Amino acid sequence: MNESGTSGNEPTVTEKVRELIAENEVLLFMKGTPEAPQCGFSMRVVGILDQLGTDYAALDVLPALDPLREATGEIADWRTFPQLYVKGNLVGGCDIVEEMYASGDLAGLLGVEAPPPNPDAPAPGAMPPASSGPIQIEE
Amino acid sequence: MAADLAELQSMIEDALPGASVEVLDEGGGDHLRAVVAAPQFDGLTTIDQHRLVRAAVQTRMDDGTIHALSITTSLPAAG
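The structure reproduced in this document is the subject of the present report. (Residues numbered from 1 in each chain as written. Chains lettered and ligands numbered in written order. Predicted model: local features only at pLDDT ≥ 70, side-chain atom pairs only at ≥ 80, totals over all residues.)

1. What about the sheet that holds strand β4 (residues 89-92) of chain A?
All names here are of chain A.
Right, on to step 1. Here 4 strands make up an open sheet; going across it, the order is β2-β1-β3-β4 and the pairing mixed. Taken across any chain shown, the strands that pair with only one partner, and hence form the sheet edges, are β2 (57-60) and β4. Here the strands of the sheet are splayed against their neighbours by 25° on average, with no regard to which way each runs.
Right, on to step 2. Bridge analysis of strand β1 (residues 26-30) against strand β3 (residues 83-86) gives 4 bridges, and the strand direction is antiparallel. For F29, the partnering residue across the bridge sits in β3 and is Q83. (Pairing = 2+ DSSP bridges. Helix = DSSP H or I, 4+ residues; strand = E, 2+ residues; numbered from the N terminus. Axes fitted to C-alpha atoms, helices over the stretch in contact; angles between N-to-C directions.)

2. Quick word on the nonpolar core
Right, on to step 1. Residues L28, M30, V45, V91 and V97 of chain A are the most contacted members of the largest nonpolar core, which totals 31 residues.
Right, on to step 2. Those residues in contact with L28 of chain A that lie beyond four places of it in its chain are V45, L49, Y56, A58, P82 and L84 of chain A.
Right, on to step 3. Judged by nonpolar contacts, the second largest core, of 20 residues, contains A34, I66, A68 and L69 of chain B. (Core = buried A, V, L, I, M, F, W, Y, C linked by C-beta atoms within 7 Å. Buried ≥ 20, exposed ≤ 12 C-beta atoms within 10 Å, placed from the backbone. Contact = placed C-beta atoms within 7 Å.)

3. What to know about unusual backbone geometry
For residues that are not glycine, phi is negative in most cases, and the peptide bond is trans in most cases.
Residues and elements named next belong to chain A.
Right, on to step 1. At the junction of F81 and P82, the peptide bond is cis and its omega measures out at 10° in the coordinates.
Right, on to step 2. Among the secondary structure elements, P82 is positioned in the loop between α3 (65-76) and β3.
Right, on to step 3. Its identity is not glycine, yet D77 carries a phi of approximately 55°, on the positive side.
Right, on to step 4. When you line up the elements, D77 lands in the loop between α3 and β3.

4. Considerations on the sheet that holds strand β2 (residues 31-37) of chain B
Residue and element names in this part refer to chain B.
Right, on to step 1. In space, the 3 strands of this open sheet follow the order β1-β2-β3, with mixed pairing throughout. Whereas interior strands pair on both sides, the edge strands pair on one side only; in this sheet they are β1 (20-25) and β3 (68-74). Pairwise comparison of adjacent strand axes, ignoring direction, gives a mean angle of 15° for this sheet.
Right, on to step 2. With 6 bridges joining them, β1 and β2 adopt antiparallel strand pairing. Bridged to S20 within β2 is A37.
Right, on to step 3. The strands that helix α2 (residues 46-56) touches are β2 and β3; relative to β3, the one it contacts most, it runs at about 125°.

5. What about the pairing of β2 of chain A?
Residues and elements named next belong to chain A.
Right, on to step 1. Of the strand pairs in this sheet, β1 and β2 are connected by 4 bridges, and their pairing is parallel. If you follow L27 over to β2, its bridge partner there is A57.
Right, on to step 2. Assessed by its sense of winding, the connection that carries the chain from β1 through helix α2 (residues 40-52) to β2 is right-handed. (Right-handed = clockwise from strand over helix to strand, strands pointing away.)

So this is what it looks like as structure tokens:
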């Protein structure tokens, strides 16, 4: 129902996002879907979660980018995507997820076994080549 | 518009006294990386460390000077 009289009961985007975060132990806000990421940073986080073999829920932010930016800004003081939430808390975006993956902290947080060292995985502090790194599109 | 790396560096240094700060241009003048070692990071999660750095330059993100900011944080070396 969308009549104005129901506005008091309509959950806001922020309330819906809070619910999603509470209901999903591992939740990824990303641009695109795990099968078809639309952003290099989102793709890298998906790759890490797949590597760890953890179950996670993914939400494509592109259909409602601005309202979701507002909502996550309000909830977690973070407005860029991807965002990974674990057990109700924002872990971080691509940078932090990659750093914690490399250090083994992410596996610990997710309660999974760290995979054997992967030669393709970025070393802590490793930077992508500036010229060919993925470009994050911001509004 | 290219960001003023020195200005950003001093914005972070002002917000985090005692920090060692390096701001690098990773492409095009608006994709930047801040490498920050600060005593204020002690006991914080990585995301909270990043929040502190980002908050220091938030005005330059809001006005579009910075398009993307990657952040690398650490505690200052002991001693």
